[in-house]
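Listed below, chain by chain, are the residues.
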2 protein chains.
Amino acid sequence: MNNTIETILNHRSIRSFTDELLTAEEIDTLVKSAQAASTSSYVQAYSIIGVTDKEKKRKLAALAGNQPYVENNGHLFVFCADLYRHKKLAEEKGENITELLENTEMFMVSVIDAALAAQNVSVAAESMGLGICYIGGIRNELDQVTEVLGTPDHVLPLFGLVVGHPAHPSGQKPRLPKQAVYHENTYDTNEEHFRSYMKEYDETISAYYDKRTNGKRVETWSDQILQFMKQKPRTYLNQYVKDKGFQKN
Amino acid sequence: MNNTIETILNHRSIRSFTDELLTAEEIDTLVKSAQAASTSSYVQAYSIIGVTDKEKKRKLAALAGNQPYVENNGHLFVFCADLYRHKKLAEEKGENITELLENTEMFMVSVIDAALAAQNVSVAAESMGLGICYIGGIRNELDQVTEVLGTPDHVLPLFGLVVGHPAHPSGQKPRLPKQAVYHENTYDTNEEHFRSYMKEYDETISAYYDKRTNGKRVETWSDQILQFMKQKPRTYLNQYVKDKGFQKN
């Protein structure tokens with residue numbers, strides 16, 4: 001196994017960082033790594049906002065559900081789906097492509113582009129000995145997040161990514177069994193298979209929490225997922241995403 | 001610069017592979033790498049279909065716009081947004097979370113989860129000396145792709161990823177200037193900045209194609225993007241995605 005795969009397999013989210021900020025050179029390497037990712041048909045439909053302003057970080061941490069590591073970290077990146085540049089360059093050429101930009105295909109392209117870039121940053125950061133954590137919590141109140149970051153229409157903040165020097169080690173949470181995630185040639189909808197691997201996995205996760213919390217938590221993955229979906233429905237997003245110029249048609 | 005960052009910065013898409021198939025062990029390492037990626041609130045809302053069946057590969061290559069490397073490669077992965085498992089486990093517990101599953105938030109979560117997993121596979125594969133290329137072309141005709149792969153509702157194939165032993169080297173396409181993609185604290189909407197970096201970048205890209213094609217192509221990035229958006233609007237996706245149980249509300 002080479003170093004890169006070792007880094008990838010060793011991933012765990014870090015939610016507590018020392019005060020040490022990333023250097024300008026480290027940030028530059030991470031942005032270059034982001035930009036090196038594949039991009040659908042070369043559209044490069046994403047942007048990254050690096051947030052260093054303390055007041056903005058404080059606000060974003062509050063909006064993301066009072067997560068202190070959104071404020072205290074080595075660097076905070078916010079990844080955005082971005083079709084603003086494409087709209088501007090069409091305008092410069094006297095063309096109107098707004099309807100095309102606002103379709104579901106371009107929404108998918110821009111979200112995927114942003115995520116590929118972000119994962120390059122994550123792997124690059126971890127290869128440098130830094131820790132990372134994605135911050136989906138910025139989707140709690142995107143109207144206020146876009147105000148803090150000054151993003152125009154056709155730019156949609158998707159998630160944050162905090163990077164920094166880990167203050168405490170953290171554990172690695174067991175993933176679904178391979179057979180749940182990886183299918184060969186045809187998607188497996190066999191109910192027996194499903195019940196069998198879910199039972200096994202729920203037992204694994206329950207035992208994992210039991211051990212990690214000295215018996216305070218024993219929930220299964222199923223319990224956790226159902227709870228999450230009910231708690232964070234973020235139903236405003238359907239309209240909000242359209243209001244920002246994405247997937248209207 | 002460490003090996004991992006070198007691998008990431010050295011990325012280029014490979015569209016021509018030798019006949020050598022990936023070994024079972026290599027595929028296993030790549031799937032493990034996918035699973036090690038971050039996942040929003042632990043939902044693991046994606047699946048991967050590994051396609052080895054020659055007839056299926058032939059069909060997918062045709063559907064993706066007759067790209068021969070979709071058929072001829074070391075391995076073909078198809079990454080899917082997947083909320084099927086979540087729906088099933090809710091049903092097993094007598095709960096109905098279909099409306100929650102079908103919201104825009106969960107669409108974004110599942111697309112991002114799939115993309116993060118895929119980029120781990122890309123970096124891992126490249127670290128092993130393999131080449132990769134993403135295949136957005138499977139979104140040309142998703143109704144037929146879902147039939148080939150047997151994906152049920154609440155599973156949406158997003159893109160393919162071909163991996164294999166490169167048959168020919170390929171060049172690296174210049175990315176947008178850093179200032180276009182990376183903003184500090186506030187999104188930069190300054191028109192002068194925009195015109196200045198777009199002009200510079202369009203010249204870079206035009207010179208790049210000129211050199212690569214001995215003067216046969218001299219288009220700018222702007223030209224290419226406008227052309228792409230008009231050619232591949234995939235406007236059916238808005239309804240199709242809903243029909244498959246995603247982002248209805």
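None of the values given here were measured: they were computed from a predicted structure.

A.B. asks: Just to check I follow, could you spell out the overall build of chain A for this structure?
C.D. replies: For chain A, the helix and strand inventory stands at 12 helices and 5 strands. Computed over the C-alpha atoms, the radius of gyration of chain A is 20 Å, within 12% of the 18 Å expected from 2.2 N^0.38 for a compact globule of 249 residues. Dimensions of chain A along its principal axes, counting C-alpha atoms only, are 60 × 45 × 40 Å. Buried residues in chain A amount to 60% of all 249 residues. When contacts within chain A are restricted to residue pairs at least 6 apart in sequence, long-range pairs at least 24 apart make up 79% of them. Summed over all atoms, the accessible surface of chain A reaches about 9800 Å², with 46% contributed by carbon and sulfur. Here chain A holds 28 positive side-chain charges and 33 negative ones, and the gap between their average locations is 4 Å.

A.B. asks: Looking at this model, I keep getting lost on the domain arrangement of chain A. Mind explaining?
C.D. replies: The figure often quoted for interface size is the accessible area lost as the parts come together. What the domain assignment lists for chain A is domain 1 (3–170 + 234–243) and domain 2 (178–218). Of note, the centres of domain 1 of chain A and domain 2 of chain A, computed from C-alpha atoms alone, are 30 Å apart.

A.B. asks: Sorry if this is basic, but what is going on with empty space enclosed by the protein here?
C.D. replies: To locate leftover empty space, one rolls a probe as large as a water molecule over the atoms. On inspection of all chains with the given rule, the structure shows 5 cavities of 30 Å³ or more. In this structure, the largest cavity spans a volume of roughly 60 Å³. Lining the largest cavity are His 183, Tyr 187, Asp 188, Thr 189, Asn 190, His 193, Phe 194 and Tyr 197 of chain A together with Tyr 84 and Arg 85 of chain B. Put simply, the parts of the chain that give the lining of the largest cavity at least two residues each are helix H10 (191–212) of chain A together with helix H5 (84–92) of chain B. When residues in the lining of the largest cavity are grouped by element, the largest group, 3 residues, is from H10 of chain A. Looking at the lining of the largest cavity residue by residue, the classes come out as 4 nonpolar, 4 polar and 2 charged.

Parameters and conventions
- Residues numbered from 1 in each chain as written.
- Chains lettered and ligands numbered in written order.
- Predicted model: local features only at pLDDT ≥ 70, side-chain atom pairs only at ≥ 80, totals over all residues.
- Heavy atoms only, no water.
- Helix = DSSP H or I, 4+ residues; strand = E, 2+ residues; numbered from the N terminus.
- Rg over C-alpha atoms; globule rule 2.2 N^0.38 Å.
- Buried < 20%, exposed > 50% of the residue type's maximum accessible area, 1.4 Å probe, protein only.
- Contact = heavy atoms within 4.5 Å.
- Areas by Shrake-Rupley, 256 points an atom, 1.4 Å probe, with all protein chains shown as cover.
- Lys, Arg positive; Asp, Glu negative; His and termini not counted.
- Charge placed at Lys NZ, Arg CZ, Asp CG, Glu CD.
- Domains from an automatic or database assignment.
- 1 Å grid on protein atoms, 1.4 Å probe; cavity = no way out; pocket = protein on both sides within 12 Å on 5 of 7 lines; lining within 4 Å.
- Points joined across faces, edges and corners; volume = space filled by probe spheres on them.
- Nonpolar A, V, L, I, M, F, W, Y, C, P; charged D, E, K, R; others polar.

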